[in-house]
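Structure assessment
Residue-level listing of the chains:
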Amino acid sequence: MNGHMEDMDDVGGQHSVQDRLGPRKLINRTEFVRLLEQALHRLGYADVASLLEQKAGVQMQPTHVTDFQTAVMGGQWDAAMSLLPQLTAQEDIIKDARFLILQQKYLEALERQDLGSALTCLRHEMAPLGVHEQQLHQLAALLLCPGTGDVAARTFWLGGGAAHRGHLLSLLQAKLPPNLMIPEGRLEVLVEQALEAQMSRCPFHNASESRLSLFSDYYAGLECLPTSTVQILDQHTDEVWHVAFSHDGTMLATGSKDRTAILWSVQQRVRLEVMHVLEGHSQPVALLSWSPDDRRIITCSGETLRVWDVATGQLLQTCSHHRESVSSCAWLPDSRRFVSGSTDRSVFLVDSSNGMELQRWKRAYRVQDMAITRDGGVLVMASTERRVFLLRLSDMREVSLPPETAPITTLALCPDGRFLLVALNCSTLQLWALGPAMDPYSPLDMGPDPLDSLPVEPAAVYRFSNGEPVRFVLRCGFGGSDNTFVVHGGEDGMVYVWHRDSGELLFKLSGHTGTVNAVSWNPTNPYMLASASDDKTVRIWLAQEAQQRGSAAAAARRKALPLLQSDLLGWPASANDSHAAARLAAPIGPSGADSGMNGDAMTAAAAAPVEE
């Protein structure tokens, strides 16, 4: 075995050129063979992996490493700890690893309600290690949970339970030499990183699953982004102030100064149609918020929030907790509770099923806008005092980003919580890369508090309209298959689309004749975008690629079902329009100048059903 393991202990730079692979000789041959062996095992070809190990004379990893992994995943704690000295000679690492293993043992004992075993583990195994005393106190507090349900929920929140042994193994992996224990699925991770690098270099990457291949480099063009107006919604009788797709992408909600909100159905290749008109507001509808399960929707009008049933369009609750106009609201993951903010310096936690106030959090600032992470862990709030605050709801710890140089008008949180857009009233958007700061936090992870790792400056800045002051709230957002695009409207009637990471203005969409107040990118259909304007309309934009796919699908249906041809409806065939094709083929300047795209040529076609 020593002969097999000799290459595993070598550092990459110690290998000669003959030991390396690839056109640029960057790949360590021994490491590459080990990754191939691991990949073959994961694919179910253990016999082939053994043959490769025999022929190449390279062992995937030492037997005691495999035994250690098996022991951890099988809950054989004593066996796992007995193998630690064979994995590392550093006593501090061994102690930390023992603590992690015993912590998992303790939490699993709590999970099965074996309090005696848990107490024995805590007192006689963990405490004698003499490390992480504060964490020991937190672990001991879990014994005070009175009910079975409470313990199960608490241990899950803290990272315990048998289902989290894989997470434990990853924590142990981080403490051991990487060339000793190969990270799980390492070859797949490297291949995906290569594909992601190709996609990140392509500014128009959007919904690329069908284009990705290991046999050729990835490329996508402007045809993958929504640049053509395919429908104009003109049912509102006054300015449209807000627009939002449902989380499943099958519905669209619009709110207007005409004191109504409209729910629209979005069916594949079928024009948007009115589902319900939500009436009864005494003031303009300034804000809409879908529940995570899309069964309810909140409309904000003046000082009042209304909760509606999406399926029936019926009003469920009217909430008037605030003393001043409601500026924002956000749902918690359970689709039952929501939080709302206002300039009255209060944040309310409300039960949507009965409209009752559950909690009130007084703030020292006026809330201008808010968003909440998908797991409900962190509430992000913009204040009228030019600051963005992050409030962790589990312990109510609050921190803030550096102060802005101009008043904040609105914000948008990326669905995965990694990025935050902050819009300023000087025609500027800032992108903040929050990264690990928004990760779920458990004091048992033995690491620094994620909220201590907030960035000190924005990752990107997007300026438009020469940085002139804006008069209205222009809502912004993320979009695309990986949320790699930033989109917002302007008082010039344009829709702006930027590349999130490069900060490049990719194009501007023209067609609206008034201020574009809000935009929404369909979260499940990256080819679809909606924009709302003071011109009383909502425009639906679609990518040329989607229209081409639709045309191909329609042709197949016509061939298969010729008798039903006259009954089929679909998007306008604007992808075949010579003027549209010419616009889409036009080069886009790097600064975005002269890159406006006019959707008016689509309007006449979009105003009526299109026969295929």
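Residues numbered from 1 in each chain as written. Predicted model: local features only at pLDDT ≥ 70, side-chain atom pairs only at ≥ 80, totals over all residues. Heavy atoms only, no water.

As named in an unreviewed UniProt entry, the chain is CTLH domain-containing protein, taken from Volvox reticuliferus.

**A short note on the overall build of the chain**
What the chain contains, in helices and strands, is 14 helices and 33 strands. Sequence separation of 24 or more characterises 52% of the internal contacts of the chain that already satisfy a separation of 6 or more. For the chain, the accessible area works out to roughly 27,900 Å², and carbon and sulfur atoms hold 52% of it. (Helix = DSSP H or I, 4+ residues; strand = E, 2+ residues; numbered from the N terminus. Contact = heavy atoms within 4.5 Å. Areas by Shrake-Rupley, 256 points an atom, 1.4 Å probe, with all protein chains shown as cover.)

**Focus: the sheet that holds strand β19 (residues 397–400)**
One open sheet holds the four strands; their spatial order is β16-β17-β18-β19, and the pairing between them is antiparallel. Pairing within the sheet leaves two strands with one partner each, and these edge strands are β16 (367–372) and β19. Strand-to-strand, the axes of this sheet are offset by a mean angle of 20 degrees, without reference to chain direction. (Pairing = 2+ DSSP bridges. Axes fitted to C-alpha atoms, helices over the stretch in contact; angles between N-to-C directions.)

**Description of the packing of helix α2 (residues 29–42) against helix α3 (residues 46–56)**
Contact geometry for α2 and α3: axes closest at 7 Å, N-to-C directions at 160 degrees. It follows that α2 is roughly antiparallel to α3 by the angle criterion. Crossing of α2 over α3 shows left-handed handedness. The segment α2 lies against α3, with Val33, Leu36, Glu37, Leu40 and His41 engaging Ala46, Val48, Ala49, Leu52, Glu53 and Ala56. Here the contact of α2 with α3 is composed, by residue class, of eight nonpolar, one polar and two charged. (Parallel < 35°, antiparallel > 145°, perpendicular 65-115°, else oblique. Left-handed = near helix turned anticlockwise from the far one by under 90°. Nonpolar A, V, L, I, M, F, W, Y, C, P; charged D, E, K, R; others polar.)

**So, helix α4 (residues 63–73)**
If you check which residues of α4 are buried, you get His64, Val65, Phe68, Gln69, Ala71 and Val72. Around the axis of α4, the buried residues are gathered within 165 degrees of arc, so they sit on the same side. Against α5 (77–87), α6 (91–111) and α10 (165–175) lie the buried residues of α4. Glycine 75, located one to two residues past α4, shows a positive phi value of around 70 degrees. (Buried < 20%, exposed > 50% of the residue type's maximum accessible area, 1.4 Å probe, protein only. Arc of directions from axis to C-beta.)

**Overview of empty space enclosed by the protein**
The gaps of empty space that remain are located by a probe, the size of a water molecule, rolled over the atoms. Counted under the stated rule, the structure contains four cavities of 30 Å³ or more. There is about 70 Å³ of room inside the second largest cavity. Lining the second largest cavity are 13 residues, with Ala423, Leu424, Leu429, Phe464 and Leu474 positioned closest to its centre. Looking at the lining of the second largest cavity, the elements that each hand over two or more residues are β21 (419–424) and β22 (428–433). (1 Å grid on protein atoms, 1.4 Å probe; cavity = no way out; pocket = protein on both sides within 12 Å on 5 of 7 lines; lining within 4 Å. Points joined across faces, edges and corners; volume = space filled by probe spheres on them.)

**Things to note about the UniProt feature "repeat: WD" (unreviewed entry) in the chain**
According to UniProt, the positions carrying the feature "repeat: WD" (unreviewed entry) are residues 233–274, 278–318, 319–360 and 509–541. Taken as a whole, residues 509–541 contains 0% helix and 55% strand, while its terminal C-alpha atoms sit 9 Å from one another. (UniProt positions renumbered as here; feature names shortened; annotations may be inferred.)

**Observations concerning the side chain of threonine 409**
Mapping threonine 409 onto the fold places it in strand β20 (residues 408–413). The residues contacting threonine 409, other than those within four sequence positions of it, are Gln368, Ala423, Leu424, Asn425 and Val473.

**Comments concerning the layout of surface pockets**
Taken as a whole, the largest pocket spans an internal volume of roughly 1,300 Å³. Phe245, His247, Ala371, Leu413 and Pro415 are the residues nearest the centre of the largest pocket, which is lined by 44 residues in total. Counted by class, the lining of the largest pocket contains 26 nonpolar, 15 polar and three charged residues.

**Regarding the pattern of salt bridges**
Side chains that carry opposite charge are capable of pairing whenever their charged atoms lie near each other. Evaluation of the coordinates by the stated rule reveals 19 salt bridges. Among the ionic pairs, arginine 360 bridges to glutamate 357, the shortest N-O distance being 3.6 Å. Linked through salt bridges whose partners overlap, the residues forming this network are Arg392, Asp395, Arg397, Asp449 and Asp452. (Salt bridge = Lys/Arg side-chain N within 4 Å of Asp/Glu carboxyl O.)

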